[in-house]
Amino acid sequence: MIRYTRLFATLVLVISALGASAQNGSTTSSPYSKYGIGDIDPNWTPQMAGMGGIATATNSISGYSTINTINPASYAAIGLTTIDVGVFGSSLKLTRDGQGSQKSSNFRLNHLLFAFPVTKRSAISFGLQPYSQRGYEYTQTQSNFGTGDPADTNAVNFKYSGEGGLTKAHFGYGFGIGKHIMLGANVSYIFGSMKDYGVTSIPDLYGAFNTRVEQNSSVQGFNYDYGAQFMFNLSERNIITFGYSGSAPTKLNIENSTYVSHFTTGTDGSENLPLDSVVKEVSPKSKLKLPSINRFGVSFKAGDKLLLGADYTMGKWSELSATGDAYQTINQGMKDSKTYNFGAQFTPNVNKLNNYWALVDYRVGFMYNQTNLRVNNTDINQYAATFGLGLPLRPSQTSSSYYKINISAEVGKRGALTNSLVKENYINIRLGFTLNDKWFTRYKFD
């Protein structure tokens with residue numbers, strides 16, 4: 001157990017350091033992340049992601065206590081102190097009709113979650129997860145100084161980019177009422193900043209004054225989630241669970257800063273230091289309204305052998321708005337979203353201790369997302385197939401600790417090649433480490 005505990009502690013420190021480093025810049029490379037408040041993170045752990053993202057009606061998985069922040073009612077099923085830490089990596093290929101393709105990859109800390117039981121049927125959870133990510137870069141070029149006059153031989157480049165994102169720190173409590181009802185809620189603090197840049201340059205005209213516009217939006221405030229799960233025993237070991245969870249429409253504080261500066265480029269094309277700051281403006285603090293989100297789910301569990309589930313999520317992203325003149329376009333391109341998740345897990349035999357592969361969780365799933373984006377009069381849809389494994393680490397005979405490595409792969413696409421849009425083909429990998437242990441136990445001696 002000591003060996004695994006040291007390994008776990010090392011992983012937490014390394015992942016936290018790498019994750020903190022990654023959060024300083026972009027953790028996505030999607031042009032669609034420029035809209036709204038960026039790409040909204042689904043808050044999946046590898047266990048959920050391997051099963052297509054089902055979570056609303058799931059709690060313990062293969063007998064392990066699992067931290068499921070999507071439905072805080074599931075905390076009531078946590079019977080051991082639980083720590084779950086994981087990372088996220090993606091490989092993305094962007095394709096645009098007639099303009100070829102490009103590839104990129106990203107890495108970040110995915111989650112750092114803790115939970116411990118308070119009573120036999122209640123538990124507290126807290127932790128850190130990403131809420132949204134922004135990261136994009138593209139250039140538009142106009143010839144003849146943008147005038148169309150053949151006498152103007154120089155082209156003008158308009159380069160747009162963005163980075164940053166929001167992080168969600170939660171504290172939650174879930175409890176059971178009788179044997180069949182579980183309720184729970186999270187209080188979350190969402191914070192972070194999003195930066196957008198616009199650069200106008202004339203690369204072939206040496207000494208020209210180029211212009212950079214930087215907009216920085218700082219966001220902070222509280223958000224609230226709640227949920228319920230209702231379990232019905234079809235037999236002693238077969239259980240069907242219905243789940244619901246929601247996110248309340250809340251208002252966060254947002255403040256926008258704008259900087260406009262001039263710069264020149266050297267003979268090698270590199271940028272020189274800014275010559276001046278033409279505009280430096282800080283807008284008054286305003287309110288960013290997050291939309292309501294409703295999730296519905298059902299799952300069927302046959303002992304610790306089989307788990308089947310489906311989720312349906314509705315997000316009222318057309319309600320995203322912010323007060324103040326600087327934010328009138330924050331909901332541009334936004335619409336209501338609908339997401340469908342289907343997944344399954346099969347564990348051959350958790351009692352067959354002499355056969356390791358019989359103890360492994362095998363996961364598969366599918367996700368279809370009618371996203372919250374409508375760009376160039378086209379709805380942006382997303383499809384993905386998912387796969388995953390839960391790999392237990394055997395404890396010693398005297399250990400009360402249980403460890404599992406969870407890994408998932410999500411292979412999907414988003415967007416289209418029509419109407420000057422970009423199609424994304426991606427592979428997302430999530431890797432997590434789960435610890436279940438007995439802490440805060442008072443031992444009795446005769």
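Conventions and cut-offs
- Residues numbered from 1 in each chain as written.
- Predicted model: local features only at pLDDT ≥ 70, side-chain atom pairs only at ≥ 80, totals over all residues.
- Heavy atoms only, no water.
- Patch = residues over 30% accessible without salt bridge, like charges linked within 9 Å, V, L, I, M, F, W, Y side chains within 5 Å.
- Areas by Shrake-Rupley, 256 points an atom, 1.4 Å probe, with all protein chains shown as cover.
- Salt bridge = Lys/Arg side-chain N within 4 Å of Asp/Glu carboxyl O.
- Helix = DSSP H or I, 4+ residues; strand = E, 2+ residues; numbered from the N terminus.
- Buried < 20%, exposed > 50% of the residue type's maximum accessible area, 1.4 Å probe, protein only.
- Contact = heavy atoms within 4.5 Å.
- Core = buried A, V, L, I, M, F, W, Y, C linked by side-chain atoms within 4.5 Å.

Looking at an unreviewed UniProt entry, the protein chain carries the name Aromatic hydrocarbon degradation protein, with the source organism given as Mucilaginibacter roseus.

Before going further, it helps to spend a moment on a nonpolar patch on the surface. The grouping of V364, F387, I407, V411, I427, I429 and L431 at the surface amounts to a nonpolar patch, some 540 Å² of accessible area in total. Those elements that provide at least two residues to the nonpolar patch are β18 (402–415) and β19 (422–437). Broken down by element, the residue count for the nonpolar patch peaks at three residues, all from β19. Mapped onto the elements of the fold, I429 is located in strand β19. Accessibility expressed as a relative area gives 37% for I429, which makes it partly exposed.

This brings us to the environment of M231. Among the structural elements, M231 can be located in strand β7 (residues 210–233). Judged by its relative accessible area of 12%, M231 is buried. Leave out the neighbours within four places in its chain, and M231 touches N59, K179, H180, M182, I239, I240 and T241.

Attention shifts here to the nonpolar core. If you look at the biggest cluster of nonpolar residues, it comprises 34 residues, and the most contacted ones within it are Y32, I37, L288 and L290. Taken together, the elements giving at least two residues each to this core come down to α2 (46–50), β2 (81–96), β6 (181–201), β9 (251–263), β16 (361–375), β17 (378–393) and β19. With residues up to four places along the chain from it excluded, the contact list for Y32 reads D39, L373, V375, I380, R414, G415, A416, L421, V422 and E424. Membership of the second largest hydrophobic core comes to eight residues, among which are I83, L112, L393 and F433.

So, on to the pattern of salt bridges. This model, assessed by the stated rule, comprises 11 salt bridges. Residue D196 is joined to R134 by a salt bridge in which the shortest nitrogen-to-oxygen separation is 2.7 Å. You can see D196 sitting in strand β6 and its partner R134 sitting in strand β4 (residues 122–142), a full 62 residues away along the chain. Just as D196 is buried, R134 falls in that class too. D225 serves as the salt-bridge partner of K168, at 3.0 Å between the closest nitrogen and oxygen. One end of the pair, K168, is in strand β5 (residues 156–177); the other, D225, is in strand β7, with 57 residues separating them in the sequence. Since its relative accessible area comes to 10%, K168 is described here as buried. Each of the salt bridges in this network shares a partner with another, and the network as a whole consists of D39, R414 and E424.

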